[in-house]
Amino acid sequence: MTLQHLGWNETFAAEFEPYLERGWTPARVSSDNKISCRLLGVEDGRIEECDAVLAGKVYHEAETDAELPAVGDWVALDKSGDENVIRARLHRQSRFSRKAPGNSSEEQVIVANASRVVVVTDPGTDFNPRRLERYLALIARGGAEAMVVVNKSDLHPAERCVEVAGAVRALGGGVEVCLTSVLENKGFKALKQHLKKGATLAFTGSSGVGKSALINHLIGEEWLWTGEVNEVTGKGRHTTTARDLLVLPRGGILVDNPGIREVQMWTDEDTLRGRFADIDQIAARCRHHDCGHGRDAGCAIRAAVEGGELSPERYKAFLKLEDEIQELRRRRKKRQMTLERRAKRDHKIKARNREDRREIEWELKPRP
Ligand SMILES: Nc1nc2c(ncn2[C@@H]2O[C@H](COP(=O)(O)OP(=O)(O)OP(=O)(O)O)[C@@H](O)[C@H]2O)c(=O)[nH]1
Ligand SMILES: [Mg+2]
Ligand SMILES: [Zn+2]
């Protein structure tokens, strides 16, 4: 085993040189619980696992949580003290993020440095082209390749499976789709082809679609299942509760993820335009350059919907995504203002303290 098996490459190595001089070693985050990280490294040709804490400097220099080490990140590990310490995080070559749950505008990095993000769905009730569209936008934004796996094909008629795969392809962008069944061991060829030395495949999708089952199958072992019992229902359904990075000896790195209940946009206008390039082209024909594509006179997009050139669903998705991005911007701006206000207040407090100190010094000064 070498670091390359863990996804190491020349770009990381070049960035790491100064850290090497300080006696630190490269390691990859395999799971994190915000307090400490579990890391993988290579020692004497073997993969070694260890826990490490974050150096205060790394913590304080991170402006947002998204900058802290996440699963898949490469870090500089200092093993010289009593405790293993993460001294730095290397630049991410890709990241798969979402908006943190709830009302914040914070980005949450789900997996760093994934070569490919595999979105798992099924041909049944989970299948939702609009949601997939969002996933694909998020993946593209983060710089990873995307792939859609429609799993549990054994539970649905073949026609339905083919129809669903076709609907995914219709989303455009040349996204790779495959139909799988873990139960019947079918459709794994495409996935296996992506399992090359150093390639990181991150699995995502709703809870219960079979991400862990697929990963188990690729590993060929059962250990992912053990001890994982749904804490909420206690029914023994093996719900994944943490992200985990697993290295296959034959090549390939797999990242399991807990199911995502809400995919919220973490993207910008560029990505949106990319995913809706066809609509953008139509928009160029709108009469007004600031057309809102609603009831505006001479809107080419509405005309395309009415003329059957564009599906109403895709049009709605387009409008909704724009709304969400506007909302995200508003939140980001608000947060920025809060930060500035806070900084100003801290500044005032510091200035007042300095003033007080000066007065005290003056009072204490020996007088002639
Ligand atoms: N019939 C059938 N069942 C499957 C298949 N793949 C997975 N399952 C079953 O679906 C259930 C959920 O699978 P998991 O792998 O735990 O799903 P998950 O996506 O990891 O779920 P979370 O960890 O909650 O996000 C399990 O009972 C699996 O046995 C399949 O191809 N066919
Ligand atoms: Mg799971
Ligand atoms: Zn328009």
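Rules of the game
- Residues numbered from 1 in each chain as written.
- Chains lettered and ligands numbered in written order.
- Predicted model: local features only at pLDDT ≥ 70, side-chain atom pairs only at ≥ 80, totals over all residues.
- Helix = DSSP H or I, 4+ residues; strand = E, 2+ residues; numbered from the N terminus.
- Expected span 1.5 Å × (residues − 1).
- Buried ≥ 20, exposed ≤ 12 C-beta atoms within 10 Å, placed from the backbone.
- Pairing = 2+ DSSP bridges.
- Axes fitted to C-alpha atoms, helices over the stretch in contact; angles between N-to-C directions.
- Contact = placed C-beta atoms within 7 Å.
- Arc of directions from axis to C-beta.

(A) Expanded view of helix 3 (residues 129-142). With 14 residues, helix 3 should reach 20 Å at 1.5 Å per residue; the first-to-last C-alpha distance of 20 Å fits that figure. Of all the positions in helix 3, only Leu132, Glu133, Arg134, Tyr135, Leu136, Ala137, Leu138, Ile139, Arg141 and Gly142 are classed as buried. The first or second residue beyond helix 3 is glycine 143, which carries a positive phi of 85°.

(B) Geometry of the sheet that holds strand 2 (residues 36-43). Spatial ordering of the closed barrel is given by 1-2-3-5-4, a layout of five strands whose pairing is mixed. Adjacent strand axes in the sheet meet at a mean angle of 55° when their direction is disregarded. Bridge count between strand 3 (residues 46-54) and strand 5 (residues 85-89): two bridges; the pairing is parallel. Its bridge partner lying in strand 5, leucine 54 is registered against isoleucine 86.

(C) Summary view of the environment of glycine 142. Examined against the element boundaries, glycine 142 turns out to sit in helix 3. Every residue in contact with glycine 142, bar those within four places of it in the chain, is listed here: Ser94, Arg95, Phe96 and Ser97.

(D) A look at helix 4 (residues 158-169). Taking 1.5 Å of rise per residue, the twelve residues of helix 4 would be expected to cover 16 Å, and the 17 Å separating its terminal C-alpha atoms lies within 8% of that figure. Of all the residues in helix 4, the buried ones are Cys161, Val164 and Val168. Taken around the axis of helix 4, the buried residues stretch over an arc of 65°, which confines them to a single face. Residues of helix 4 that are exposed and point over 90 degrees away from its buried face: Ala158, Glu159 and Gly166. Lining the buried residues of helix 4 we find helix 3, strand 9 (145-150) and strand 10 (176-179).

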